[in-house]
Amino acid sequence: MTDELDIEEEEEEDEQRPFNSLYFRRMMRYLKPYRRQVLLGATMMLTVMAAGLMEPLIIKTAIDDAIAPGELNYLDRLVLALVGLRIVAWLAQRAQIRIMNHTGQSILYDLRQQLFEHVQKLSLSFYDGRPVGKIMSRITNDVNAIAELVNSGVINLISQGVSLVAITAILLIMNPRLALTAFTVLPAIGYLALRVRTRMSNAWMNTRKAYSSINAHLNETVTGIQEIQVFNRQGRQSERFRRINQRLKKAFMTAIHYEMVLWPGVDLVGVIGMCLVIWVGARQVIQGALTIGVLLAFVQYINRFFAPLSTMSRVYSQVLSAMASAERVFEILDTEPLVYDREGAVDLPKIKGEIVFENVSFAYKEGEPVLRDMNLRIEPGQMVALVGPTGAGKSTIANLVCRFYDPTEGRVLVDGYDLTKVTLSSVRSQLGLVLQDTFIFSGKIRDNIAYGRLDAPLEDIMEAARAVKADDFIQKLSDDYDHEITERGASLSTGQRQLLAFARALLANPRILILDEATAHIDIATERAIQEALERLLVDRTSIVIAHRLSTIEKADLILFIDGGRIVEQGNHRELLARKGRYWQLYTTQYRLERDMALESSLAAGQVG
């Protein structure tokens, strides 16, 4: 049933969209900073085109005015002129290729950089419902398609259009009758374009979306490879990938099918037009109304007349492909962050660490509240622990303090400042956060620890590592603090990654430190060592600790039992145990489980001994 739903969601992406002139104009704006380069490249392209247009005239002159009357000296000059044109065209084309490639890469750089920087500014809510692979697809595949069109496609379209007009004028001047004969096939080309345009547009849209689904599934598979292997679900993942891959193949082949209908059709109609010209022109030559040189030049121009039409039809296919990408890229660029620096926002000064929730309610989805009318005060320097069942709203409290989200109702204040009225950077520069599933960047260990304080000297980095007991394992690694970590810290154990995250947060010297299940993956001996370090490090620093292992929060100044988005109990460890309420039930249950597990371990060790 789940697989069927997945397929339905993927198929819903294959929506059909009409050509959007607004998106096309937006794409063209990326040419603006490079007007001079584009103009120079277009000039080189027009030079190549002009040289090509002069060749049939020179050949016509050579046949009629040099070869027929036997003027060999004139023929020599015409041949030299033809060679000179070829050299000019070669030099111009070489310059054009260099200029347009440089311009194309510059446009690609600008667009990719703009999209990447915008993605980093977006709120966490943007990422909640979007697979990482699909976002990656927009920054890579879709941006490439737009840049290719903006750079070469448009210039090609303009130059071929100019070429078409010039050839039309030459044909009409040379022989109006033959020209009109050739033009009789133009309605067929128009009919082909109108019939195929919309279908080709939809096909390229579906192709881009299928590419996006491929990237998303690949990212999910690589990220979750351990779970896939341990539950032996390789077959399921392969089957789902096969279906997505089949969609991609089908969409791409549909787009190619319409391309094969359009531009080979244009070529075929062009050949028919040229045959008509030869058939009519040959009779004029026989009748003495036309010279062979004129007919030969006319045939060459006819061939060049239909070539731009074919090229323009291919560029139009490129336009439709890029339009599909543009819709997806501009969708992201048009997405505004829900959490941002509002007008008049001020920098938060150095804080003491007081945190106040005033009638705070919050919902990730409308109509599904996670926090309900919560009132809370945390004094500067207090260690506050949040406990309660999964989904009660503990991590949401931490998210609101970090201002990853803004309250649906009410206010969150730090030192009396409403967080929605201060700048994001000034808030987060005074916060430290360690999560259960911490993220370690590829690179040196020292750079990972210094991520929140890039200018930190090595001695400070080592001191932070020693404080959280990370120095012990770092010294055993090759190159110790210069040891290179692989992507996501895969070469380290889960506990080692947590210790690095602790060191990173503590080196940043935050006024408020949030630990969200931060000791969940650390063994008991290491946890006790960290607790000793934290007792020293949390002095004069406000801390919020979310923990399921209650032994880690016994010394908290205040423990809040959260359930259903509300505070149902609060007090210190002794007060809550004496009350024998929800916290007491949770603590005694957990204590018995830990005691029984310890007893079983002791018995097992005795039997082995």
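See the structure printed just above.
Rules behind the numbers
- Residues numbered from 1 in each chain as written.
- Predicted model: local features only at pLDDT ≥ 70, side-chain atom pairs only at ≥ 80, totals over all residues.
- Heavy atoms only, no water.
- Helix = DSSP H or I, 4+ residues; strand = E, 2+ residues; numbered from the N terminus.
- Buried < 20%, exposed > 50% of the residue type's maximum accessible area, 1.4 Å probe, protein only.
- Contact = heavy atoms within 4.5 Å.
- Areas by Shrake-Rupley, 256 points an atom, 1.4 Å probe, with all protein chains shown as cover.
- Pairing = 2+ DSSP bridges.
- Axes fitted to C-alpha atoms, helices over the stretch in contact; angles between N-to-C directions.
- Salt bridge = Lys/Arg side-chain N within 4 Å of Asp/Glu carboxyl O.
- Phe/Tyr/Trp six-rings, centres within 6.5 Å; stacked < 30°, edge-to-face > 60°.
- Lys NZ or Arg CZ within 6 Å of the ring centre and 35° of its normal.
- Core = buried A, V, L, I, M, F, W, Y, C linked by side-chain atoms within 4.5 Å.
- Patch = residues over 30% accessible without salt bridge, like charges linked within 9 Å, V, L, I, M, F, W, Y side chains within 5 Å.
- Lys, Arg positive; Asp, Glu negative; His and termini not counted.
- Charge placed at Lys NZ, Arg CZ, Asp CG, Glu CD.
- Expected span 1.5 Å × (residues − 1).

**A word on the overall build of the protein**
In step 1: Scanning the protein for helices and strands turns up 20 helices and 12 strands.
In step 2: Evaluated residue by residue, the protein yields a buried proportion of 47% over its 609 residues.
In step 3: Pairs at least 24 apart in sequence give 79% of the contacts found in the protein among residues at least 6 apart.
In step 4: As presented, the protein carries roughly 32,200 Å² of accessible surface, and 56% of it is formed by carbon and sulfur atoms.

**Quick word on the sheet that holds strand β10 (residues 542-546)**
In step 1: The strand order across the open sheet built from six strands is β6-β9-β10-β3-β11-β12, with neighbouring strands paired in mixed fashion. The sheet is open, and its two borders are formed by β6 (431-434) and β12 (566-571), each paired with just one other strand. Neighbour-to-neighbour, the strand axes of this sheet turn through a mean angle of 20°, independent of strand direction.
In step 2: Here strand β3 (residues 383-387) pairs with strand β11 (residues 558-563) via four bridges, running parallel. Counted as the bridge partner of Ala 385 is Ile 559 from β11.
In step 3: The strands touched by helix α12 (residues 394-401) within the sheet are β3, β6, β9 (512-516), β10 and β11, with β10 carrying the most contacts at an inclination of about 150°.

**A closer look at the pattern of salt bridges**
In step 1: For the coordinates displayed, the defined rule picks out 15 salt bridges.
In step 2: Across the pair Arg 411 and Glu 358 runs a salt bridge, and its minimum N-O distance is 2.9 Å. Taken as a pair, Arg 411 in strand β4 (residues 409-414) and Glu 358 in strand β1 (residues 355-365) lie far apart in primary sequence, 53 residues in all.
In step 3: On the basis of relative accessible area, Arg 411 is assigned to the partly exposed category, the value being 34%.
In step 4: Residue classification places Glu 358 among the partly exposed positions, given a relative accessible area of 31%.
In step 5: Of the charged contacts in the structure, one is a salt bridge between Asp 482 and Arg 446, with a shortest N-O distance of 3.3 Å. With Asp 482 in the loop between α16 (471-474) and β8 (484-485) and Arg 446 in helix α14 (residues 445-449), the pair connects residues that are 36 residues apart, well separated along the chain.
In step 6: The class of Arg 446 is partly exposed, set by a relative accessible area of 25%.

**Focus on the packing of aromatic side chains**
In step 1: Counted by the stated rule, this structure contains seven aromatic pairs.
In step 2: Centre to centre, the rings of Phe 126 and Tyr 127 are 5.2 Å apart; their planes meet at 90°, and the pair counts as edge-to-face.
In step 3: For Tyr 127, a relative accessible area of 31% corresponds to the partly exposed category.
In step 4: Taking the centre distance of 4.4 Å and the plane angle of 15° together, the rings of Phe 441 and Tyr 451 count as stacked. One end of the pair, Phe 441, is in the loop between β6 and β7 (443-444); the other, Tyr 451, is in the loop between α14 and α15 (458-467), and 10 residues separate them in sequence.
In step 5: Through successive ring pairs, a cluster of aromatic residues spans Phe 362, Tyr 364 and Tyr 405.
In step 6: Lying across the ring of Phe 330, Arg 26 places its NZ or CZ 4.1 Å from the centre.
In step 7: In this arrangement the basic side chain of Arg 342 is found over the ring face of Tyr 340, its NZ or CZ atom lying 5.8 Å from the centre.

**Here's the deal with α15**
In step 1: Inspection of α15 places Ile 461, Met 462, Ala 464, Ala 465 and Ala 467 among the buried residues, and these make up the whole buried set.
In step 2: Phi for Lys 469, located one or two positions after α15, is positive at around 65°.

**Section: the nonpolar core**
In step 1: Counting residues in each nonpolar core, the largest one holds 41 residues, and the members touching the most others are Ile 449, Ile 474, Tyr 481, Leu 500, Ile 553, Ile 559 and Tyr 583.
In step 2: Elements with a minimum of two residues in this core: β3, α14, α15, α16, α17 (494-507), β9, β11 and α20 (582-608).
In step 3: No other element matches α17, which puts eight residues into this core.
In step 4: Apart from residues no more than four positions distant in its own chain, Ile 474 is found in contact with Ile 445, Ile 449, Ala 465, Asp 480, Tyr 481 and Leu 500.
In step 5: In terms of nonpolar packing, the next biggest core, distinct from the first, is built from 39 residues, Leu 108, Leu 115, Val 143 and Val 329 among them.

**Here we look at the sheet that holds β1**
Sheets are built from strands paired through backbone hydrogen bonds, the pairs being either parallel or antiparallel.
In step 1: If you trace the four strands from one edge of the open sheet to the other, you get β2-β1-β4-β5, paired in antiparallel fashion. Where the open sheet ends on each side, the last strands, each with one partner, are β2 (368-378) and β5 (417-418).
In step 2: Two elements, β1 and β4, share five bridges in a ladder whose sense is antiparallel. Bridge assignment links Ser 361 to a residue of β4, and that residue is Glu 409.
In step 3: Its contacts with the sheet put α12 on β1, β2 and β4, and the angle it makes with β1 is roughly 110°.

**Brief notes about a positive patch on the surface**
In step 1: Together, Arg 25, Arg 29, Lys 32 and Arg 35 line one region of the surface with positive charge.
In step 2: In this structure Arg 35 comes out as exposed when scored by relative accessible area, which is 54%.

**Side note on helix α10 (residues 234-286)**
In step 1: Between its first and last C-alpha atoms α10 spans 75 Å; for 53 residues at 1.5 Å apiece the expected length is 78 Å, and the two agree.
In step 2: One or two residues past the end of α10 sits Gly 288, with phi positive at roughly 80°.

**A look at a nonpolar patch on the surface**
In step 1: A surface patch of nonpolar side chains, amounting to about 490 Å² of accessible area, comprises Val 79, Val 83, Ile 87, Trp 90 and Leu 91.
In step 2: In this fold, Val 79 is placed in helix α4 (residues 72-121).
In step 3: For Val 79, a relative accessible area of 44% translates into the label partly exposed.

**A word on the pairing of β11**
In step 1: The element β11 is largely enclosed, with a buried count of five among its six residues.
In step 2: Relative to β12, β11 is paired through five bridges, and the arrangement is antiparallel. In the sheet register, Phe 561 faces β12, and the bridge partner there is Glu 569.
In step 3: Here β11 folds back onto β12, and the loop between the two strands holds two residues, one of which, Gly 564, carries a positive phi near 65°.

**With respect to the environment of Glu 117**
In step 1: With respect to the element layout, Glu 117 can be found in helix α4.
In step 2: As for Glu 117 and Leu 333, which are separated by 216 residues in sequence, their C-alpha atoms are 9.9 Å apart.

**Comments concerning the side chain of Glu 354**
In step 1: For Glu 354, the position within the fold is in the loop between α11 (292-333) and β1.
In step 2: Once you skip the residues sitting within four places of it in the chain, Glu 354 turns out to touch Arg 377, Ile 378, Glu 379, Pro 380, Leu 413, Val 414, Asp 415, Gly 416 and Thr 542.

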